[in-house]
Amino acid sequence: MDYPAYVTDTAYRYDGSFQGFLCCVFESFARHELPAAIHPPEEGQTSLFGAREIPTDPRRAGRVAAALHRLGTPVERCVTSGFLADEAGKDLTLLHFLRLCFAQGPSAFWRMGDAPVAQAQALARRVDGEAGKYIEFLRFEEHGGMLGSIIHPRNRILPLLRGHFCSRLPDEEFVIFDATHGMALLCRGGRVQYLRMERFAPPPDGEEDAWKRLWQRFFHALTIEERRNERCQRTHAPKRYWQDMCEMAPEGRGQKSTTHPAEDMV
């Protein structure tokens, strides 16, 4: 089935949520148009032309989500992961990809010669790859009976970490703070929430500091100085992750943060 559309000078503006993005997709099909750009709130106006506000309508978003699900897991996973990329223009890239998939069917996902497919899959690979690294390198500290971790990802990967750590730590309360984007994943009392946070800095804990020093000594005791190869080490554990690894990161986190509940995700 073909879905013809004309290119318009109008940009779409939406609330930054995934439901809001799906409403932008709905608007594009309903108007038979391709917008000049799609802007979440954190992106400023990048065009001299007008902008149209796209309200978030759960009914419209649900219709697009159901159609997306029918395209199959590869397409659905590509869009949901790609949406988490912190990259300007990613929304328009995903819209072009979705229009191609809706027009040509699930097989469009494998047509890497088409620019929208290659670009959308590149977005998803970067996000999934970073999430995989943090699943491997994320370190928790215990303060007041709760586990906590601070990370500095390039992309908004907390939703991709949720399933792994909630299943691996079903009986624990924990928080993972994304310092880059000011968001946290909180698991407490059997509920999972995303919180907006300015910073996360639990008060000093002597017992936790002692365990951290013990782990650092163990880590360095295993090091064979004559065989140290930092270039190889950076290949397996890229240096930008080191600040979030207790055996390499500096101690001290400042003062305790203030938090603002954003949205229940359960």
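These remarks concern the structure in this document.

Conventions used here
Residues numbered from 1 in each chain as written. Predicted model: local features only at pLDDT ≥ 70, side-chain atom pairs only at ≥ 80, totals over all residues. Heavy atoms only, no water. Phe/Tyr/Trp six-rings, centres within 6.5 Å; stacked < 30°, edge-to-face > 60°. Helix = DSSP H or I, 4+ residues; strand = E, 2+ residues; numbered from the N terminus. Buried < 20%, exposed > 50% of the residue type's maximum accessible area, 1.4 Å probe, protein only. Lys NZ or Arg CZ within 6 Å of the ring centre and 35° of its normal. Pairing = 2+ DSSP bridges.

**What to know about the packing of aromatic side chains**
Here's step 1: For the structure on display, the rule yields 7 aromatic pairs.
Here's step 2: Both rings, one in Phe140 and one in Phe165, keep their centres 5.6 Å apart while their planes meet at 85°; by these two values the pair is edge-to-face. Of the two residues, Phe140 is situated in the loop between helix H5 (115–137) and strand S6 (141–143) and Phe165 in helix H6 (residues 158–168); the sequence distance between them amounts to 25 residues.
Here's step 3: We classify Phe140 as partly exposed; its relative accessible area is 23%.
Here's step 4: One cation-aromatic arrangement involves Lys90 over Phe83; the distance from NZ or CZ to the ring centre is 4.9 Å.
Here's step 5: The ring of Phe29 carries the charged tip of Arg99 above its face, separated from the ring centre by 4.2 Å.

**What about the pairing of strand S8 (residues 174–178)?**
Here's step 1: Burial within S8 is extensive, with 5 of its 5 residues counted as buried.
Here's step 2: Burial along S8 is two-sided: Phe174, Ile176 and Asp178 facing one way and Val175 and Phe177 facing the other are all buried.
Here's step 3: Note that strand S7 (residues 146–151) and S8 share 5 bridges and pair parallel. Across the sheet, Ser149 pairs through a bridge with Ile176, a residue of S8.
Here's step 4: Count of turn residues in the S8/strand S9 (residues 183–188) antiparallel hairpin: 4 residues, of which Gly182 carries a positive phi of about 65°.

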